[in-house]
Amino acid sequence: MTSTSLALRRTVTAAVVQAAAPLFDTPSALARAEELIREAATDRDAEVVVLPEAFLGGYPKGLDFDMTVGSRTSAGRDLFRRYHAAAIEIPGPEVETLAAVTRELGCHAVVGAVERQGGTLYCVALFFGPDGYLGLHRKLMPTAAERYLWGQGDGSTLPVIDTGATRIGAAICWENYMPLFRTAMYSKGVDLWCAPTVDDRDAWQATMRHIALEGRCFVLSANQYLRRDALPSDLRPVQGDEPDTVLIGGGSVIVSPLGEILAGPLRDGEGILIAELDLNDLARARFDLDTTGHYARPDVFTLHVDESAHAAVTRG
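The rules behind these values
Residues numbered from 1 in each chain as written. Predicted model: local features only at pLDDT ≥ 70, side-chain atom pairs only at ≥ 80, totals over all residues. Heavy atoms only, no water. 1 Å grid on protein atoms, 1.4 Å probe; cavity = no way out; pocket = protein on both sides within 12 Å on 5 of 7 lines; lining within 4 Å. Points joined across faces, edges and corners; volume = space filled by probe spheres on them. Nonpolar A, V, L, I, M, F, W, Y, C, P; charged D, E, K, R; others polar. Pairing = 2+ DSSP bridges. Helix = DSSP H or I, 4+ residues; strand = E, 2+ residues; numbered from the N terminus. Axes fitted to C-alpha atoms, helices over the stretch in contact; angles between N-to-C directions. Right-handed = clockwise from strand over helix to strand, strands pointing away. Buried < 20%, exposed > 50% of the residue type's maximum accessible area, 1.4 Å probe, protein only. Patch = residues over 30% accessible without salt bridge, like charges linked within 9 Å, V, L, I, M, F, W, Y side chains within 5 Å. Areas by Shrake-Rupley, 256 points an atom, 1.4 Å probe, with all protein chains shown as cover. Salt bridge = Lys/Arg side-chain N within 4 Å of Asp/Glu carboxyl O. Lys, Arg positive; Asp, Glu negative; His and termini not counted. Charge placed at Lys NZ, Arg CZ, Asp CG, Glu CD. Phe/Tyr/Trp six-rings, centres within 6.5 Å; stacked < 30°, edge-to-face > 60°.

Caption draft 1: Quick look at the layout of surface pockets. Considering only enclosed or pocket space, the largest pocket measures out at about 370 Å³ in volume. If you trace the largest pocket, you find 18 residues lining it, with Tyr 59, Lys 61, Thr 143, Glu 146 and Val 198 closest to the centre. Classifying every residue of the lining of the largest pocket gives 11 nonpolar, 2 polar and 5 charged. As a volume, the second largest pocket reaches approximately 300 Å³. Every residue lining the second largest pocket is counted, 13 residues in all, and those nearest its centre are Thr 183, Thr 291, Thr 292, Ala 296 and Phe 301. Here the lining of the second largest pocket is built from residues that sort into 7 nonpolar, 5 polar and 1 charged.

Caption draft 2: Structural context of the sheet that holds strand 2 (residues 48-50). Read from one edge to the other, the open sheet built from 6 strands follows the order 5-4-3-2-1-13, with strand pairing classed as mixed. Of all strands in the sheet, those with a lone pairing partner are strand 5 (132-138) and strand 13 (271-278), marking the two edges. Neighbour to neighbour, the strand axes of the sheet diverge by 30° on average, direction disregarded. As judged from the 8 bridges shared by strand 1 (residues 11-18) and strand 13, these two strands associate in the antiparallel manner. Across the sheet, residue Val 16 finds its bridge partner in strand 13, namely Leu 273.

Caption draft 3: Local environment of the pairing of strand 7 (residues 167-170). Here strand 6 (residues 161-162) runs beside strand 7; their pairing, made up of 2 bridges, is antiparallel. Paired with Ile 161 across the two strands is Ile 168, which belongs to strand 7. From the end of strand 6 to the start of strand 7, which pair antiparallel, there are 4 residues, and Gly 164 there has a positive phi angle of about 100°. One ladder, built from 3 bridges, connects strand 7 with strand 8 (residues 192-197); its direction is parallel. Along strand 8, the bridge assignment pairs Gly 169 with Trp 193. Of the crossover connections in this fold, the one passing from strand 7 over helix 5 (residues 179-187) to the parallel strand 8 is right-handed.

Caption draft 4: Molecular detail of the environment of Asp 64. Here Asp 64 is to be found in the loop between strand 2 and helix 3 (74-86). In this structure Asp 64 comes out as partly exposed when scored by relative accessible area, which is 40%. Along the chain, Asp 64 and Ala 145 lie 81 residues apart, while their C-alpha atoms are 8.1 Å from each other.

Caption draft 5: Layout of a negative patch on the surface. Taken together, the side chains of Glu 39, Asp 43, Asp 45 and Glu 47 make up a negatively charged region of the molecular surface. Examined against the element boundaries, Glu 47 turns out to sit in the loop between helix 2 (26-43) and strand 2. Residue classification places Glu 47 among the partly exposed positions, given a relative accessible area of 37%.

Caption draft 6: Quick peek at the packing of aromatic side chains. Scanning all chains against the criterion turns up 9 aromatic pairs. Their ring planes at 70° and their centres at 6.3 Å tell us that Phe 65 and Tyr 148 sit as a pair that is edge-to-face. With Phe 65 in the loop between strand 2 and helix 3 and Tyr 148 in the loop between strand 5 and strand 6, the pair connects residues that are 83 residues apart, well separated along the chain. Overall, Phe 65 belongs to the buried group, its relative accessible area being 6%. You can call Tyr 148 partly exposed: its relative accessible area is 31%. In this structure an aromatic cluster arises from ring pairing among Phe 24, Phe 65, Tyr 83 and Tyr 148.

This is how it looks when you write it as structure tokens:
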């Protein structure tokens, strides 16, 4: 590499965390999140840290809440009560704690959480930086049975955070399969596409590489690695009750804007993936494809995005 190219090199060190989130134990989940962000930023020099979907509040993989079409049970309602109690309020003490951590460390973090607002829960991605709490994204469409646990977000929480060096956005789990959502985010110039998830299928890797190629952005996908023995003993996940039964099998990965795997996929345990991202690769990749710029056809295709908040009740 020549001295000129070295002088022009702009890099960001990114960390993707793969770890289990304690279920129904938010203080432990918060302590674990803080520990992992500190480890990534302090020990691994990460400037951006991504934690998995629903890390605060937990992802109840394998639990059915006694829910069948047209029927609920008292036991299922009480299990939801526990889940509701474990969710966090925003603003709230958990958000303040993580905001203090990123202020202290001078890093950015994207943390999956379950938000409680009245009687409704939302799956969210929380954004933090050197200035503290920066905002959130609410998952637009909960997947399958998630819909009886979580409400739907609206267009008012689709932020792309400008760090000065780069632009960070998030799509949670199967939002990554929503072409119009992706197009809306690409139009905002997202550079670091953060994908907190619990999808551990091999097919997920193809999706992450496709988004990197389509959006010409870095993709940082953080998944949980969760075993049965990490859940409370009174629960009965459908996958089985043996302590070493894997409920969520990981697969966290970091991908370049040309679809090259920079780190991962991580399997068979917890860990932190690290990659140095050359931000000049963004321009190199967009040379021949910018899906909402020179490769768009606005004379043929247009997309309207409603970014207003939609409340059930308005006053005034």
